[in-house]
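# Architecture at a glance
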Amino acid sequence: MIRSTSCSRLRAAAGLLAFGMLCATLVVLPGSSPASAQPVGPALFDDFNYTGYTDPRISQHGWTLRSGQGGPGVPGATWRPQNFTFGTESGNSIMTMRSGTSGTASTTQHTEIYHQRKFHYGTYAARVRFSDVPVTGPDGDRMVQTFFTISPLNFPLDPAYSELDFEYLPNGGWGRPSSALLASSWETYSETPPVEVHTTTEERASFAGWHDLVITVDTEAVTYYIDGRLFARHVEPYLPESTMSIRFNHWLINLTGISSRRTRAYEEKVDYVYFSQDQILSPAEVTAAVTDYRTRGVTFEDTVF
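Below: a short report on this structure. Everything numeric here is computed off the predicted structure, so don't read it as measured data.

### Structural notes on unusual backbone geometry
Omega for the bond connecting threonine 192 with proline 193 falls within 30 degrees of zero, at -5°, which places this linkage in the cis form. At the junction of glutamate 236 and proline 237, the peptide bond is cis and its omega measures out at 15° in the coordinates. Here proline 237 shows up in the loop between β14 (229-234) and β15 (244-252). Phi angles above zero are rare outside glycine, and serine 90 is one such case at about 50°. Here serine 90 lies in the loop between β4 (84-89) and β5 (92-101). Here the phi dihedral of aspartate 278 falls at roughly 65°; this positive angle occurs in a residue that is not glycine. Given the relative accessible area of 14%, aspartate 278 is considered buried.

Structure follows, in structure tokens:
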């Protein structure tokens, strides 16, 4: 992620400490599985079929809804589990993350959900709805809507640090004047002195609406796809060295986008998340796997070790 403040790397600290032990992973060979083959081996699938943010199955399934304060974004903002809602759209269960502000730090609310830290090589996928305009109130805030993976930074410039990001900026930010989608792969960073070692591919356009996001990780490259098309391919030194947690978050970079004190709220929605361990799948194979889960009536599975 391109960042404008030194605090923004703190976004995952609250949850990462609980998963500090590295998990053993199998090294995979690059390349895709045959188009006709069903994925085999450990996998995570979640259709987000929950009744509300207090549903005990959320934590039972390995998820944490972030609470409290801390980076990234507006200092003094609050991460609110209460801003998660679950419902049905077009027959599919949907998770909605609502974030917004009334123009002050104390009224700024962010959202984040993260899974256990146990994911490395394989295929990551999610169907996400980005939004360009608020559902209520004036437009113009510098929002960030994400699907990403991350590991802890144990010390400045930690070589084991890993992070892979899909980030959508509906109103620009970090020097961008308008909508942009970013795919970033991180080697490491330091808060003090500020050093960021990463590579970013971006497309400056509106990506409002539903999109199929896929990230594959093998021993040669990290590859990003959106709606079946190749978006970015990153190689060493930006490959992840350690296990990561899967996350979604939605937050404000700062309060300089507009000066209004009127309340406004934006929504990021998620249809499903999927991970296939040690399998490099094409976007079409991901779609087939998700369809198979839904055809069989499976709303959650986690066999990843």
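### A short note on the packing of aromatic side chains
Within this structure, the stated rule accounts for 16 aromatic pairs. Arranged with centres 6.3 Å apart and planes meeting at 35°, the rings of phenylalanine 45 and tyrosine 272 form a pair that is tilted. Highlighted residues: phenylalanine 45 in strand β1 (residues 43-46) and tyrosine 272 in strand β16 (residues 264-277), separated in sequence by 227 residues. Among the residues examined, phenylalanine 45 registers a relative accessible area of 0% and is labelled buried. Taking the relative accessible area as the measure of exposure, tyrosine 272 reaches 5% and is therefore buried. Taken together, a centroid distance of 6.3 Å and an interplanar angle of 55° make the contact between phenylalanine 166 and phenylalanine 231 tilted.

### Side note on the environment of proline 138
Among the secondary structure elements, proline 138 is positioned in the loop between β7 (122-130) and β8 (143-150). Note: C-alpha distance between proline 138 and arginine 261 (123 residues apart in sequence) is 9.5 Å. Excluding residues that lie within four positions of it along the chain, proline 138 makes contacts with Ile258, Ser260, Arg262, Thr263, Arg264 and Tyr266.

### Some thoughts on the pairing of β4
Across 6 bridges, the pairing between β4 and β5 is antiparallel. In the sheet register, phenylalanine 84 faces β5, and the bridge partner there is methionine 97. Taken together, β4 and the strand that follows it, β5, pair antiparallel across an intervening segment of 2 residues, in which serine 90 is found at a positive phi of about 50°.

### Quick notes on the environment of alanine 205
As for its placement among the helices and strands, alanine 205 is situated in the loop between β11 (195-203) and β12 (209-217). Here alanine 205 falls in the partly exposed class, since its relative accessible area comes to 29%. When near neighbours in sequence (up to four residues on either side) are disregarded, alanine 205 contacts Tyr168, Ser179 and Ala180.

### Focus on the pairing of β12
Here β7 pairs with β12 via 9 bridges, running antiparallel. Along β12, the bridge assignment pairs tyrosine 124 with isoleucine 215. Count of turn residues in the β12/strand β13 (residues 222-226) antiparallel hairpin: 4 residues.

### Quick look at the nonpolar core
By size, the foremost hydrophobic cluster in this structure holds 40 residues, and its most contacted members are Phe48, Phe147 and Phe248. Tallying contributions element by element places β7 first for this core, with 4 residues. Residues contacting phenylalanine 48, with those up to four places away along its chain left out, are Trp63, Phe86, Ser93, Ile94, Met95, Ile113, Phe248, Val270, Asp271, Tyr272 and Val273. Core analysis: the second largest hydrophobic core is formed by 13 residues, Phe45, Ala125, Val290 and Tyr293 among them.

### Details of the pattern of salt bridges
The full count for this structure, using the stated rule, is 15 salt bridges. Of the charged contacts in the structure, one is a salt bridge between aspartate 302 and lysine 118, with a shortest N-O distance of 2.8 Å. Taken together, the positions of aspartate 302 in strand β17 (residues 300-302) and lysine 118 in strand β6 (residues 109-119) put the pair 184 residues apart, joining distant regions of the chain. Close ionic contact of glutamate 202 with arginine 176 constitutes a salt bridge, the shortest N to O distance being 2.7 Å. Of this pair, glutamate 202 sits in strand β11 while arginine 176 sits in the loop between β9 (163-169) and β10 (180-190), placing them 26 residues apart in sequence. Arginine 176 gets classed as buried once you look at its relative accessible area, which sits at 9%. Through salt bridges that share partners, Asp47, Arg127, Asp212, Asp271 and Arg294 make up one connected network.

About the cut-offs
Residues numbered from 1 in each chain as written. Predicted model: local features only at pLDDT ≥ 70, side-chain atom pairs only at ≥ 80, totals over all residues. Heavy atoms only, no water. Helix = DSSP H or I, 4+ residues; strand = E, 2+ residues; numbered from the N terminus. Buried < 20%, exposed > 50% of the residue type's maximum accessible area, 1.4 Å probe, protein only. Phe/Tyr/Trp six-rings, centres within 6.5 Å; stacked < 30°, edge-to-face > 60°. Contact = heavy atoms within 4.5 Å. Pairing = 2+ DSSP bridges. Core = buried A, V, L, I, M, F, W, Y, C linked by side-chain atoms within 4.5 Å. Salt bridge = Lys/Arg side-chain N within 4 Å of Asp/Glu carboxyl O.

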